[in-house]
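Here is how the chains run, residue by residue.
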Amino acid sequence: QVTDTLTKEGPGSPSYDWFQTDSLVTLVIYTKQKDINLDSVIVDHQDDSFRAETIIKDYSYIIHIGLSHEIQEDFSVRVIENVGKIEIVLKKKENTSWKRLGHPLENHNSLIPKKDTGLNYRKCQLISKECVTHDTKLFCLMLPPSTHLQVPIGQHVYLKLTITGTEIVKPYTPVSDFLLSELKEPVLNNKYIYFLIKIYAAGLFTPELDHLQIGDFVSVSNPEGNFKISQFQELEDLFLLAAGTGFTPMVKILNYALTNIPSLRKVKLMFFNKTEDDIIWRSQLEKLAFKDKRFQVEFVLSAPTSEWNGKQGHISPGLLSEFLKRSLDRSKVLICICGPTPFTEQGIRLLQDLNFSKDEIHSFTA
Ligand code: FAD
Ligand code: NAD
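Before going into details, it helps to say that this report is about the structure given with it.

This part is about the nonpolar core. Counting 40 residues, the largest nonpolar core has L238 and F247 as the members making the most contacts within it. Counting residues domain by domain, this core receives three or more from each of domain 2 (121–221) and domain 3 (229–363). For L238, the contacting residues outside a window of four places in its chain are F232, I253, A257, L264, K266, V267, K268, L334 and C336. Within the second largest apolar cluster, 25 residues are counted, among which are L27, V43, I56 and L90.

Shown next as structure tokens:
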């Protein structure tokens with residue numbers, strides 16, 4: 001029987017309840033928090049095991065039950081934001097009355113620090129794989145119908161493959177397809193997750209990923225990361241410093257900022273690459289800059305050919321001080337930086353030298 005033990009620490013104790021009709025079982029989670037949305041809850045069911053993890057600040061509230069009866073594969077998740085209530089509607093396989101929901105499994109009905117929950121994985125199917133540059137590909141993975149998971153802006157997941165008998169795990173940052181689908185309506189199907197991944201011929205993980213065939217499976221973890229959407233509040237100038245695949249977190253950030261931040265005046269991306277051939281989605285970025293006057297993009301190459309007449313070199317005080325001009329004297333700025341570790345570390349030092357505060361800088365690291 002499901003019991004009601006709860007670790008009493010952290011945010012106010014969440015709780016849950018359930019009720020049923022002939023054909024449905026509704027599980028209700030009361031988070032007692034207001035800033036809950038569809039990104040906050042991750043639901044998986046496999047065989048009779050049902051698990052829902054709700055992220056509440058730095059904690060996870062876990063419902064984990066061995067269901068007493070069979071359910072259909074798909075379910076729906078609804079969030080009533082103003083009261084912090086989550087409803088998960090399961091479809092019964094047979095229209096019988098359930099006497100109980102099931103028996104508790106590991107960590108059921110407990111609120112535990114997020115760092116202690118461990119990574120949960122589900123198998124996702126490779127739907128497509130397209131070349132973007134000579135070594136970078138856009139991978140589309142599909143979540144199983146028995147999973148609800150949305151990766152929040154600025155967060156990454158871990159991909160897992162078994163390579164010669166050993167499980168290998170590496171972090172990747174999902175992108176959105178907004179730069180690709182300017183003429184189409186955005187696909188409102190949260191079942192697909194897109195990744196831009198550079199294949200390193202001598203790498204451990206990416207050659208294996210590249211060898212996957214359409215229809216093969218990769219395990220995808222729960223999201224992680226410390227970027228907070230509240231960093232966008234009242235934002236006026238957004239500066240993005242990206243090197244190589246360090247561009248990946250910038251994709252969703254760019255889309256979100258241009259669509260959802262009314263105070264935003266300017267977004268500038270400085271994109272560092274070795275050569276012109278390495279630039280991911282160059283023409284899409286140039287088109288966006290043409291279409292939306294708030295957005296500007298500048299490419300900087302560290303190993304250009306003699307024909308390149310744009311900016312050259314590595315990240316430097318000269319490049320940054322010219323680039324990071326506020327649109328108003330005291331405008332609220334955010335600078336996001338991501339790339340190889342030496343690039344990010346050097347960038348942070350240079351930004352501090354230019355008197356940007358810690359709150360004005362967000363660096364993406366593991
Ligand atoms: P590795 O085996 O790690 O090798 C990488 C390269 O280094 C190869 O060229 C290899 O030859 C060389 N190398 C390895 N070991 C050595 C050594 N000892 N000396 C010299 N050279 C060496 N990448 C993306 O493409 N897209 C993303 O969205 C993305 N998101 C990320 C998010 C986070 C939070 C982090 C931390 C990283 C992210 N990465 C991303 C990088 C990704 O996690 C992997 O590091 C990358 O894919 C390389 O993995 P690999 O196993 O194929 O290569
Ligand atoms: P790359 O080797 O193609 O280099 C791109 C640019 O980075 C270079 O043109 C140069 O301007 C700069 N750079 C490279 N090495 C530098 C150094 N030592 N000092 C200063 N600048 C340097 O890059 P890549 O192969 O695409 O690698 C991208 C990196 O970004 C990977 O290390 C990956 O792990 C990291 N990444 C991190 C995250 C994250 O933390 N969230 C997300 C995506 C990618």
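Here helix 2 (residues 248–260) is 13 residues long and its end C-alpha atoms lie 19 Å apart, about the 18 Å a rise of 1.5 Å per residue gives. The set of residues buried in helix 2 consists of T248, P249, M250, V251, K252, I253, L254, A257 and L258.

As a further point, take the site of ligand 2. Neighbouring residues of ligand 2: 21 residues in total, closest K198, Y200, T245, N273 and S302. Interatomic distance of 2.7 Å between a side-chain N/O atom of Y200 and an oxygen atom of ligand 2. Here an oxygen atom of ligand 2 and a backbone polar atom of T245 are 2.9 Å apart. About the coverage of ligand 2: the protein hides 74% of its 860 Å² of free accessible area. For the shell around ligand 2, the secondary-structure elements that each account for two or more residues are strand 19 (266–273) and helix 5 (341–353). Per element, the largest residue contribution to the shell around ligand 2 is 3 residues, and it comes from helix 5. Classifying every residue of the shell around ligand 2 gives 8 nonpolar, 11 polar and 2 charged. Both domain 2 (121–221) and domain 3 (229–363) contribute no fewer than three residues apiece to the shell around ligand 2.

Definitions and limits used
Residues numbered from 1 in each chain as written. Chains lettered and ligands numbered in written order. Predicted model: local features only at pLDDT ≥ 70, side-chain atom pairs only at ≥ 80, totals over all residues. Heavy atoms only, no water. Core = buried A, V, L, I, M, F, W, Y, C linked by side-chain atoms within 4.5 Å. Buried < 20%, exposed > 50% of the residue type's maximum accessible area, 1.4 Å probe, protein only. Domains from an automatic or database assignment. Contact = heavy atoms within 4.5 Å. Helix = DSSP H or I, 4+ residues; strand = E, 2+ residues; numbered from the N terminus. Expected span 1.5 Å × (residues − 1). Near = heavy atom within 4 Å. Polar contact = N/O pair within 3.5 Å; in protein donor to acceptor, adjacent residues only side chain to side chain. Areas by Shrake-Rupley, 256 points an atom, 1.4 Å probe, with all protein chains shown as cover. Nonpolar A, V, L, I, M, F, W, Y, C, P; charged D, E, K, R; others polar.

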